[in-house]
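# Summary of the model geometry
Spelled out, the chains give:
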Amino acid sequence: MRASAQLSHAGWKAGGDCAKLKYRRFAELAARSAVDRPASQGPDHAAIRDVHCERPDLLKRGRRGISTEVELKLAASAADLPELKRALVEMAPTSAGSHSRLISTYYDTPDLALKRRGLSLRVREQSGRFIQTVKSGDLAGGDFLTRGEWEDELAESCPDPAAAQSGEHLPGGIAGVLQPLFATDVTRTTVAIEPAPATRIEAAIDQGEIRAADGGGTEPISEIELELKSGDAAALYDVALQLLEVASIRIEPRSKSERGYLLGEEGEAAPPVVHAESVALDQMMSVEAALQEIGRACLAHLLHNEAAALAMEPEGVHQMRVAVRRIRSAISAFKKLLPAADRRRVSRELAWLVDILGRARNLDVFGTDLLQPARAALSHEAGISDLAAALDRERKAAYKRIEWAILSKRHAAGMLRLSHWFEARGWRDGSAGRSALLTSPISELAPRLLDRRWRELRKRSKRFGRLTAPQRHKLRIAAKKLRYTMELLGSLFDQDELQEFMKRLKRLQDDLGYANDVRVAHDILPELCAGARHGPVTRAGARLLEWHEQALAKAERKLRQRLNRLNRAAPFWRERGTPDVRSERVGA
């Protein structure tokens, strides 16, 4: 019987101070690994490892003293791994690499207390030694390169919550309730490379699978981990871009533990949708450090939602689109400090993705926000069901295009180049004046950036009653840019004042968004009618638009009231008493 089949038949039983594996055969598989490792990597290693290097920027984020793992994970097909391995060995001609089989068991409490705290706990056996590892920040975090990591050597395979280094970071009261949830069985080839002076990277080529403890299933592992031992983290992307020339790879933001938790969930659980997290900025952080932090957070937000988008989750597509727009909004906000060529390149990298995501998102909104609310009122329309069927066909085609885009080499290269640009602070080549501003505190520049967005919105809102639909669309875009900039810089300001202002802005944005959805529907309907029974579907579509136009007309007065309230709001980013020229009231 194959090892994976044995795992499927194995049961789990809690007992004593830790959870025990019910069957000895499974215990041997989950607690021991047949390791083929060079003698130099054997027992001479320190029993307890204070792991890796510390990224300098982490000190600015209040994380001093945390042992950190700086690692870029790349997904690849199993068929391409041999060629990618050869490419890595060529980068390190003096090292043929070491080979090992690693079997790790991951533990948590029945109520997943560790997962809820963003922690993972595993026990791995290496050359007859048991290593317990606790990692933090590896479940949909805002920085997918960096994780806290602590390790201890144990006397046996049972996890020890009281271990000196790793146990210190576990919550109390879990010693008697830990149970194994899943295991990873991986064949690993490790290659040490030095792509630049003083830069050392350990490349691990992993092939194997994740196995759920309850026999719920398996998931293949086929990936490369580039772990920074010393040097600049931007070098990880340099190596990845070289590998992309050899075979198709893409950034994999999910850890093995995150994938294992998903595999262990009941039923066919959809990949989780990740919403944008606030970006933690410090008042004295430099402008370019703040921009780097914003870029990292936005890219993590985008990449963490790829799996949900591939699973045809509408909210996953929406969050990917939001992430792209946040990046573009940040580039636009800081544009005077960035080289024009860089801005154009970043815009090209993202524009095609926005268009592909936008098509699916517009169809999703048409179905959920326009067709569904009006369907009961229009049930007598003969073509309403045909309209819904045509929409479903178009949505499937749009999601197929998203799948193609996410898995394309173009997207992989774009994400690697953009990640490298933020990590290496690639905007530094430029004028002396620009450089001086980049090194100034972000707290000095942030109010000016928000002021510029605020002035643009108020300019666009003048004579609102006379604005055409395209002009109202530009007002909506101005509101969205202000909101994104507020969200990205919001940690620098009083949170109560921020939320009060944001509440008014969101209400206006929702109203303008509804009007824009109806405007976009005018473009979508002819496409939906083309492949269906033309007459009935066209009539149903016309009635649908008429129903929503009437709703918009009724909401016009409230929209103007909300715009007036926003225009009267005091900008929270300004010093109290700062003079302000009020825009005129919204007129008819």
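Residues numbered from 1 in each chain as written. Predicted model: local features only at pLDDT ≥ 70, side-chain atom pairs only at ≥ 80, totals over all residues. Heavy atoms only, no water.

### As for the overall build of the protein chain
Helix and strand counts for the protein chain stand at 18 helices and 11 strands. Considering only contacts within the protein chain whose residues lie at least 6 apart along the sequence, 74% involve residues at least 24 apart. Carbon and sulfur atoms form 50% of the exposed surface of the protein chain, whose accessible area is close to 26500 Å². (Helix = DSSP H or I, 4+ residues; strand = E, 2+ residues; numbered from the N terminus. Contact = heavy atoms within 4.5 Å. Areas by Shrake-Rupley, 256 points an atom, 1.4 Å probe, with all protein chains shown as cover.)

### Thoughts on the nonpolar core
In this structure, Leu-72, Leu-74, Leu-226, Phe-334 and Phe-366 are the most contacted members of the largest nonpolar core, which totals 131 residues. In this structure, Tyr-106, Phe-130, Ile-221 and Tyr-261 belong to the second largest nonpolar core, which totals 22 residues. (Core = buried A, V, L, I, M, F, W, Y, C linked by side-chain atoms within 4.5 Å. Buried < 20%, exposed > 50% of the residue type's maximum accessible area, 1.4 Å probe, protein only.)

### Quick word on unusual backbone geometry
Here Ala-198, not a glycine, exhibits a phi torsion of approximately 65°, which is positive. Here Ala-198 is to be found in the loop between β8 (179–196) and β9 (199–212). Taking relative accessible area as the criterion, Ala-198 reaches 67% and is therefore assigned exposed. The backbone of Arg-463 sits at a positive phi, close to 55°, despite the residue not being glycine. Overall, Arg-463 belongs to the partly exposed group, its relative accessible area being 46%.

### Observations regarding a positive patch on the surface
On the surface, a cluster of positive charge is contributed by Arg-328, Lys-335, Lys-336, Arg-448, Arg-455 and Lys-481. Counting through the fold element by element, Lys-336 comes out in the loop between α10 (314–333) and α11 (340–375). Judged by relative accessible area, Lys-336 falls into the exposed class, the value being 64%. (Patch = residues over 30% accessible without salt bridge, like charges linked within 9 Å, V, L, I, M, F, W, Y side chains within 5 Å. Salt bridge = Lys/Arg side-chain N within 4 Å of Asp/Glu carboxyl O. Lys, Arg positive; Asp, Glu negative; His and termini not counted. Charge placed at Lys NZ, Arg CZ, Asp CG, Glu CD.)

### Points about the confidence of the model for the protein chain
Confidence in the prediction of the protein chain, expressed as mean pLDDT, is 84, and 83% of residues score 70 or more. A low-confidence stretch, residues 581–588 stays under pLDDT 50, and its non-local contacts, those more than four residues away or across chains, total 20 contacts. (pLDDT = per-residue confidence, 0-100.)

### Some thoughts on helix α17 (residues 495–530)
Between its first and last C-alpha atoms α17 spans 50 Å; for 36 residues at 1.5 Å apiece the expected length is 52 Å, and the two agree. If you look at α17, its biggest bend is around 35°, right at Asp-523, and the proline Pro-526 turns up within four residues after that. If you check the start of α17, you find a side-chain oxygen 3.1 Å away from the backbone N of Asp-496, and it comes from Asp-494. (Expected span 1.5 Å × (residues − 1). Bend = angle between axes of the 7 residues up to and from the residue. Polar contact = N/O pair within 3.5 Å; in protein donor to acceptor, adjacent residues only side chain to side chain.)

### So, the environment of His-522
With respect to the helices and strands, the residue His-522 is situated in helix α17. With relative accessibility at 40%, the residue His-522 sits in the partly exposed group. If we ignore the near neighbours within four places in the chain, the residues touching His-522 are Leu-545 and Glu-549.

### A closer look at the packing of α10 against helix α16 (residues 469–489)
Contact geometry for α10 and α16: axes closest at 9 Å, N-to-C directions at 85°. Between α10 and α16, the interaxial angle falls into the category roughly perpendicular. Along the contact surface, α10 presents Val-322, Arg-325, Arg-326, Ser-329, Ala-330 and Ala-333, while α16 presents Arg-476, Lys-480, Lys-481, Tyr-484, Thr-485, Glu-487 and Leu-488. (Axes fitted to C-alpha atoms, helices over the stretch in contact; angles between N-to-C directions. Parallel < 35°, antiparallel > 145°, perpendicular 65-115°, else oblique.)

### Some details on the side chain of Arg-124
With respect to the element layout, Arg-124 can be found in strand β5 (residues 119–126). Of the buried charged residues, Arg-124 lacks a salt bridge, with Glu-151 as the closest side chain of opposite charge at 6.3 Å. Side chain to side chain, Arg-124 and Ser-104 meet in a polar contact 2.7 Å long. Residues contacting Arg-124, with those up to four places away along its chain left out, are Leu-102, Ile-103, Ser-104, Arg-129, Phe-130, Ile-131 and Arg-188.

### As for the layout of surface pockets
Put simply, the second largest pocket is a space of about 870 Å³. If you go around the second largest pocket, you meet 36 residues; those closest to its centre are His-318, Arg-321, Arg-325, Arg-476 and Lys-480. Breaking the lining of the second largest pocket down by element, the ones donating at least two residues are α10, α11, α16 and α17. Its residues assigned to classes, the lining of the second largest pocket comprises 12 nonpolar, 10 polar and 14 charged. (1 Å grid on protein atoms, 1.4 Å probe; cavity = no way out; pocket = protein on both sides within 12 Å on 5 of 7 lines; lining within 4 Å. Points joined across faces, edges and corners; volume = space filled by probe spheres on them. Nonpolar A, V, L, I, M, F, W, Y, C, P; charged D, E, K, R; others polar.)

### Side note on the packing of aromatic side chains
For the coordinates displayed, the defined rule picks out 12 aromatic pairs. Summarising the aromatic geometry, the rings of Trp-421 and Phe-422 are spaced 5.1 Å apart at their centres and angled 65° between planes, so their arrangement reads as edge-to-face. Classification of Trp-421 by relative accessible area gives buried; the value is 4%. On the basis of relative accessible area, Phe-422 is assigned to the buried category, the value being 2%. (Phe/Tyr/Trp six-rings, centres within 6.5 Å; stacked < 30°, edge-to-face > 60°.)

### Focus on the pattern of salt bridges
Counted by the stated rule, this structure contains 41 salt bridges. Put simply, Glu-423 and Arg-296 hold a salt bridge, and the shortest N to O gap is 2.7 Å. Of this pair, Glu-423 sits in helix α13 (residues 409–424) while Arg-296 sits in helix α8 (residues 287–304), and the two are 127 residues apart along the sequence. A network of salt bridges, in which partner residues are shared, links Glu-71, Lys-73, Arg-188, Asp-206, Glu-219, Glu-223, Glu-225, Lys-256 and Arg-259.

### As for the pairing of β9
The side chains of a regular strand alternate between both faces of the sheet. Burial analysis of β9 places 10 of its 14 residues in the buried class, which makes it a mostly covered element. In the sheet, β8 pairs with β9 via 13 bridges, with the strands oriented antiparallel. Residue pairing across strands places Ala-196 opposite Thr-199, the latter belonging to β9. Linking β8 to β9, which pair antiparallel, is a turn of 2 residues; within it Ala-198 sits at a positive phi near 65°. Summarising the sheet, β9 and strand β10 (residues 218–230) pair through 12 bridges and their orientation is antiparallel. Bridge pairing in β10 places Glu-202 opposite Glu-227. Where β9 folds back onto β10 in an antiparallel hairpin, the turn is made up of 5 residues, including Gly-215, whose phi is positive at roughly 75°. (Pairing = 2+ DSSP bridges.)

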